[in-house]
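Structural features, examined
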Amino acid sequence: MSSRARHAELAAAIEAHNYRYYVLDDPTVSDAEFDRLMLELLAIENEHPELVTGDSPTQRVGGKARASVTKVRREHRMMSLDNAYSADDLEEFHKRVVSGLRESDIPEFVIEPKLDGASIEVIFDGGKLVQATTRGDGVTGEDITTNVRTIRGVPSRIRYQKKLTLRGEVLIYRKDLDALNADRLTAGLEPFANPRNAAAGAVRMLDPREVSARPLRAIFYQVVEGSELHKAQSESLAWLAELGLPTHRREVVKLWDGVMAAIAAIDHARTTYPFETDGAVVKVNPYRQQHGLGETSKFPKWAIAYKFQAERAATTVRGIIVQVGRTGVLTPVAMMDPVQLAGTTVTRATLHNADQIRLLDVHVGDRVVVQKAGEIIPQVVGVEQRARAKGSPHFYMPEACPECGTHVMSDGASTRCPNRLCPAQVCGRILYYASRQAMAIDHLGESLAQQLVSQGLVHDVADLYDLNAAHIAALERMGDKSAENVILAIASSRQRTLDRLLCGLGIPQIGQVAAKQLAEEAITLEAVLGWSESEAREKVSGIFGFGPKMVESVIEFLKNEGERNVIEKLLVRGVGRPQPRHAVATEGPLVGKSFCVTGVLSRKREEVHALLRAAGATIHDSVKKETSYLVAGDKTGKSKLDQAKKYGVTVIDEVQMNGLVGSS
Ligand code: AMP
Ligand code: ZN
């Protein structure tokens, strides 16, 4: 079979599996099998870059970062929903609907779960996703097309060819958020309070690669352009499902009496839904009736959202402890009598920070109300002041770190332990270093990390490489076999590439993607250490998407003697492989040609280099005698142009370069 045919076959198979997994929630292959297909596809694309199309499944990992936010004016205004909090409110809505229709017209209703995420509008045209926007102010939204393309449940192609405008909600399934938060906790990052925050934040991120790392889903609840094909909301949704688009359940009710029952059914079943539902939406089903009712300036008159009660419970605070994270931030946590909340037993709730404690005025012994309205981590939302025992003491954030006794510092609402060697911080850093997105050291969990630190065996991440099996076997709950496994896992992490190592160092502001960019700039850890401050500033600020905060953070990190010391120790221990340079293609339109790229182009330098390399060209950092072309962007320096003239190198612009590559 030709590579092209196999590519098409794999792409179709992968999209079909995406559909089964993300839309039907019924996968037919294991994750490993899926990964195998993806790897094969990547290998083919590596060899045949010409087969990489915008809708290839490999492109879902995200294209180039947006430099800024683009606003888009939409054709049809996106509205909000009127709210109902009681049966009476719903009754009012019913009356308004009946009186808004002709006397002979009997309204029909459809009841849907209210999805708790971020609203988007998506436009398909010619069978392809051409635009996605946030709600914004209703008329103007933010262009998030590249982000939505990373959402695997949204098909990149549909068979309907005409223009189709859809409204939907981007959200995160509960189980996916649990996994994401578990990763964030090991990574020493603040977990997301609820799926909505995680989804809403992600959908607007500037870098689609970051977006693709979030387990986002989309569910469509309305057809705007394209609705003329059907008579009613319920028919449109059924049609979307036929087109392979994710939709939610809906129940059509012909008589008003059925509406309350349908809402109760959703309320009853919602804990079994994979996503958070904070209410039910009642809509008039036939489009003809919808049009007859019209809208106010804010919302349609044919729909209303019935909000369920948030899940709350009352219990008693028995103590307040303070946890110290990787970055030294102190978080107060209420320890409470066990209470049932949203189907789980809860004994801890976060009090966030000193401000929140002051605001709530919580005392130990207080009766409090805890809430888990979508929030994964329950929080204390109220205190029954009247029930308070006389003389119960106030709680104040400690002045000394509970883990190491160092005097704390406060900036704004947050309180920090400034001691880098604080055991809680060291432990947090080790866990972050070992976490999946960094050095991926298996078998190194929380209890082991704590023991290693408290026994004085490990003071920083480099010390891990000095451990032997005997050290570990001597710890609690550690057999010889598991000690061996830990040592093996640590040893094999030496082979991780620089991007993972840099990520694992936990430089503030530098996540997985930024660490990779930094690694591609530096290639080796040695080089990073060798940079002078001005060199570092020049290199780092040249990286696409690195704002001043990120640059300063890297500079500060590299200036810090403690951090330098750890990097030196890692170097001595031979940790980290050089970042692989982009592989050189052996075939392509530009084999045997060499390019020097300078000035400001429409995409980042790194991408242009990758594009040229993929076409078979080699890259020169400066203009040399043997250079074939100088690609001169905006603001090209005179010296480069002079060099080119001197050696007779052809100077071209970006458009001409694209022509040579055969792309545009
Ligand atoms: P609100 O933001 O509270 O005014 O509620 C309006 C928003 O609810 C809409 O903009 C949608 O994003 C969202 N929504 C969630 N589920 C639905 C649904 N089934 N039908 C319509 N809107 C929904
Ligand atoms: Zn401390």
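So, a few notes on the structure that sits alongside this text. (Residues numbered from 1 in each chain as written. Chains lettered and ligands numbered in written order. Predicted model: local features only at pLDDT ≥ 70, side-chain atom pairs only at ≥ 80, totals over all residues. Heavy atoms only, no water.)

1. Regarding the site of ligand 1
We apply this condition: In these notes, residues near a molecule or strand are those with any non-hydrogen atom within 4 Å of it. Counting of polar contacts relies on pairs of N or O atoms within 3.5 Å, with two restrictions inside protein: one atom must be capable of donating a hydrogen and the other of accepting it, and residues adjacent in sequence are counted only when both atoms are side-chain atoms. In these tables, accessible area is a Shrake-Rupley quantity obtained with a 1.4 Å probe, and a residue counts as shielded only by the protein chains included in the view. Secondary structure is summarised from DSSP: a helix means a run of H or I of at least four residues, a strand means a run of E of at least two, and numbering begins at the N terminus for each. Residues are grouped as follows: Ala, Val, Leu, Ile, Met, Phe, Trp, Tyr, Cys and Pro are nonpolar; Asp, Glu, Lys and Arg are charged; all remaining types, including Gly, are polar.
Inspection of the region around ligand 1 gives 15 residues, with Ser-80, Glu-112, Arg-135, Glu-169 and Lys-283 positioned closest. In the model, a nitrogen atom of ligand 1 is placed 2.8 Å from a nitrogen or oxygen of the Glu-112 side chain. One nitrogen or oxygen atom from the main chain of Pro-113 is found 3.2 Å from a nitrogen atom belonging to ligand 1. Compared with its free state, where it exposes 490 Å², ligand 1 has 87% of that area covered by protein. For the shell around ligand 1, the leading source of residues is strand S3 (residues 109–115), giving four residues. A class-by-class count of the residues in the shell around ligand 1 yields six nonpolar, three polar and six charged.

2. What to know about the coordination of the zinc ion (ligand 2)
Inclusion rule: The donor set comprises N, O and S atoms within 2.8 Å of the metal, extended to 3.2 Å for Na, K and Ca; water molecules are omitted, so apparent gaps in a site may simply reflect that omission. Angle rules define the geometry names used: all angles between 85 and 135 degrees makes four donors tetrahedral, while opposite donors over 155 degrees apart and all other angles between 65 and 115 make four donors square planar and six octahedral, leaving every other case irregular. Using a 1.4 Å probe on the protein chains alone, a residue whose accessible area is under 20% of its type maximum counts as buried, one over 50% counts as exposed, and one in between counts as partly exposed.
Every protein donor of the zinc ion (ligand 2) is listed here as Cys-401 (SG), Cys-404 (SG), Cys-417 (SG) and Cys-422 (SG), and their distances to the metal cover 2.3 to 2.4 Å. Classification of the site at the zinc ion (ligand 2) as tetrahedral follows from its four donor atoms and the range of 101 to 117° in their angles at the metal. Considered as a linear motif, the donors of the zinc ion (ligand 2) on their single chain read C-x2-C-x12-C-x4-C. Among the residues examined, Cys-404 registers a relative accessible area of 28% and is labelled partly exposed.

3. As for the sheet that holds strand S21 (residues 629–632)
Where we set the bar: Strands qualify as paired when DSSP identifies two bridges or more between them. Throughout, a residue-residue contact means that at least one pair of heavy atoms, one from each residue, lies within 4.5 Å. Every angle, taken between N-to-C directions, lies between 0 and 180 degrees, and every axis is a line fitted to C-alpha atoms, over only the stretch in contact when it is a helix.
Strand order in the open sheet made by the four strands is S20-S19-S21-S22, with parallel pairing throughout. Of all the strands in the sheet, just strand S20 (618–619) and strand S22 (650–652) have a single pairing partner and so form its edges. In this sheet, S22 lies alongside S21 in parallel orientation, the contact comprising three bridges. Counterpart to Tyr-629 in the pairing with S22 is Thr-650. Contacts between helix H23 (residues 638–647) and the sheet are confined to strand S19 (594–598), S21 and S22, with S21 contributing the most and set at about 155° to the helix. Strand contacts of helix H24 (residues 654–661): S19, S21 and S22, with the helix running at about 105° to S22, the strand carrying the most contacts.

4. Side note on the sheet that holds strand S5 (residues 128–134)
What the four strands build is an open sheet, ordered S5-S4-S7-S8; its pairing is antiparallel. The open sheet has two edge strands with one neighbour each: S5 and strand S8 (216–223). Each adjacent strand pair in this sheet contributes to an overall mean axis angle of 35°, direction not counted. Pairing of strand S4 (residues 118–125) with strand S7 (residues 164–172) involves seven bridges; the strand directions are antiparallel. For Ile-120, the partnering residue across the bridge sits in S7 and is Gly-168.

5. A closer look at the state of the cysteines
Using the following cut-off: For the purposes of this analysis, a disulfide is any pair of cysteine sulfur atoms at a distance within 2.5 Å.
Tallying each qualifying case throughout the model produces zero disulfides. Left without a disulfide partner, Cys-503 is nearest to the cysteine sulfur of Cys-427, which lies 18 Å away. Judged by relative accessible area, Cys-503 falls into the buried class, the value being 1%.

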